[in-house]
There are 2 protein chains.
Amino acid sequence: MTNEELLCSAALNSWKIVLGRFDQHLAALTDEQLQKQVAPGKNRLFYLLGHLTAVHDRMFPLLGIGERLHAELDEPFLTNPDGAIVDPVSASDLKKAWGEVNNKLTESFETFTTSDWLSKHTAVSEDEFAKDPGRNRIAVVMSRTNHLSFHSGQAILAK
Amino acid sequence: MTNEELLCSAALNSWKIVLGRFDQHLAALTDEQLQKQVAPGKNRLFYLLGHLTAVHDRMFPLLGIGERLHAELDEPFLTNPDGAIVDPVSASDLKKAWGEVNNKLTESFETFTTSDWLSKHTAVSEDEFAKDPGRNRIAVVMSRTNHLSFHSGQAILAK
């Protein structure tokens, strides 16, 4: 592998490792456990799963790699806080959506060349990107990996 | 910047962003708040801070970039669980140690060339590294960034 490939591969591996650990934790939870709050008065695991699915689903347009699969999750899990809206989806359907979104993202990342990773994301203009080439796809994926780690730390509290 | 530099810079930025957010949260906490558990029966913020300081301090030998600054934190914050040992350090000294360790790490990372980032870490043998060049310094730093994100998600629960 070239240096560029090794560096891109480190970022992709980091994404896969964090996702794999979260999925392992998720697989061990019953639907009842998904209804638990991570701490008193804080988000339920179910809400966190919806939130993470919506945030990851938004990566398709943000990275310019396809249409969203589950835009219907924004209102209950992004726009509104936990408890504001009756859950519009079952635990099994939400888990299915989570898996679909991440499998499709990971498949896409696996085809990325260095140039793909370093391309601008769609929330930045050509002019802004010319000034700051750090606003690229790999920065978005690292940020989402950290975001998933952040909520994984919370999810693990509600066993 | 070359592609290699852009890729290394993305990893360094990710480290700095996560660290900056954690530090911002930490700065807003009183010593009393540091004694709070992140959830009932879970680690105190104080313990998490000690744990993170010890884990980050271990990066000096792991990356082969210097001697440890605070090896005395391993026993209370890594070997033993929260509550097993009376805190051997004050909140202000622990915060100071945290800052020292991360400042020195970040200064070191800022001098890294691509070749430095892709060098093997010290916990892997030359033979193993030849088989898997992904066991490099950048993978360690990404892993620690995710680890810090993981505990940041917990720390934010105890306000």
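Residues numbered from 1 in each chain as written. Chains lettered and ligands numbered in written order. Predicted model: local features only at pLDDT ≥ 70, side-chain atom pairs only at ≥ 80, totals over all residues. Heavy atoms only, no water.

## Things to note about the overall build of chain A
In terms of helices and strands, chain A carries nine helices and zero strands. The secondary structure elements of chain A, listed N-terminal to C-terminal, are α-α-α-α-α-α-α-α-α. By the compact-globule yardstick of 15 Å for 159 residues, chain A fits well, its C-alpha radius of gyration being 17 Å. Residue burial in chain A is summarised as follows: out of 159 residues, 48% are buried. Restricting the contact set of chain A to residue pairs at least 6 apart, pairs at least 24 apart contribute 68%. With 16 positive and 21 negative side-chain charges, chain A shows a spacing of 5 Å between the two charge centroids. (Helix = DSSP H or I, 4+ residues; strand = E, 2+ residues; numbered from the N terminus. Rg over C-alpha atoms; globule rule 2.2 N^0.38 Å. Buried < 20%, exposed > 50% of the residue type's maximum accessible area, 1.4 Å probe, protein only. Contact = heavy atoms within 4.5 Å. Lys, Arg positive; Asp, Glu negative; His and termini not counted. Charge placed at Lys NZ, Arg CZ, Asp CG, Glu CD.)

## With respect to helix 6 (residues 91–111) of chain B
All names here are of chain B. The terminal C-alpha atoms of helix 6 lie 31 Å apart, and with 21 residues this matches the ideal 30 Å at 1.5 Å per residue to within 8%. What helix 6 keeps buried is the set Ala91, Leu94, Ala97, Trp98, Val101, Asn102, Leu105, Thr106, Ser108 and Phe109. Viewed end-on, helix 6 has its buried residues packed into an arc of 160 degrees, placing them on one side of the element. Set apart from the buried face of helix 6 by more than 90 degrees, the exposed residues are Lys96, Asn103, Glu107 and Thr111. (Expected span 1.5 Å × (residues − 1). Arc of directions from axis to C-beta.)

## Here's the deal with the relation of the copies chain A and chain B
Overlaying chain A on chain B yields an RMSD of 0.0 Å, the required transformation being a rotation through 180 degrees with an accompanying axial translation of 0.0 Å. Both chain copies can therefore be described as sitting about a two-fold axis. Within chain A, the C-alpha atom positioned nearest to the axis of rotation is that of Phe150(A), 2.1 Å from it. Counting the interface residues of chain A, we find that 100% of their copies in chain B are interface residues as well, pointing to one common contact surface. (Least-squares fit on C-alpha atoms with pLDDT ≥ 70 in both.)

## Focus on the packing of helix 1 (residues 3–27) of chain A against helix 9 (residues 137–155) of chain A
All names here are of chain A. Packing of helix 1 against helix 9 brings their axes to within 10 Å, and their N-to-C directions diverge by 25 degrees. The orientation of helix 1 with respect to helix 9, classified from their angle, is roughly parallel. Judged by the sense of rotation from one axis to the other, the crossing of helix 1 with helix 9 is left-handed. For the pair helix 1 and helix 9, the contacting residues are Cys8, Ala11, Ser14, Trp15, Val18, Leu19, Phe22 and His25 in the first and Ile138, Val141, Met142, Arg144, Thr145, Leu148, Ser149, Ser152 and Ala155 in the second. (Axes fitted to C-alpha atoms, helices over the stretch in contact; angles between N-to-C directions. Parallel < 35°, antiparallel > 145°, perpendicular 65-115°, else oblique. Left-handed = near helix turned anticlockwise from the far one by under 90°.)

## What to know about the packing of aromatic side chains
All names here are of chain A. Applying the stated criterion across every chain, the model contains 14 aromatic pairs over all chains. Linked through ring pairs, Trp15, Phe109, Phe112 and Trp117 together constitute an aromatic cluster. A cation over a ring is seen here: Lys104 above Phe60, with NZ or CZ 5.1 Å from the ring centre. (Phe/Tyr/Trp six-rings, centres within 6.5 Å; stacked < 30°, edge-to-face > 60°. Lys NZ or Arg CZ within 6 Å of the ring centre and 35° of its normal.)

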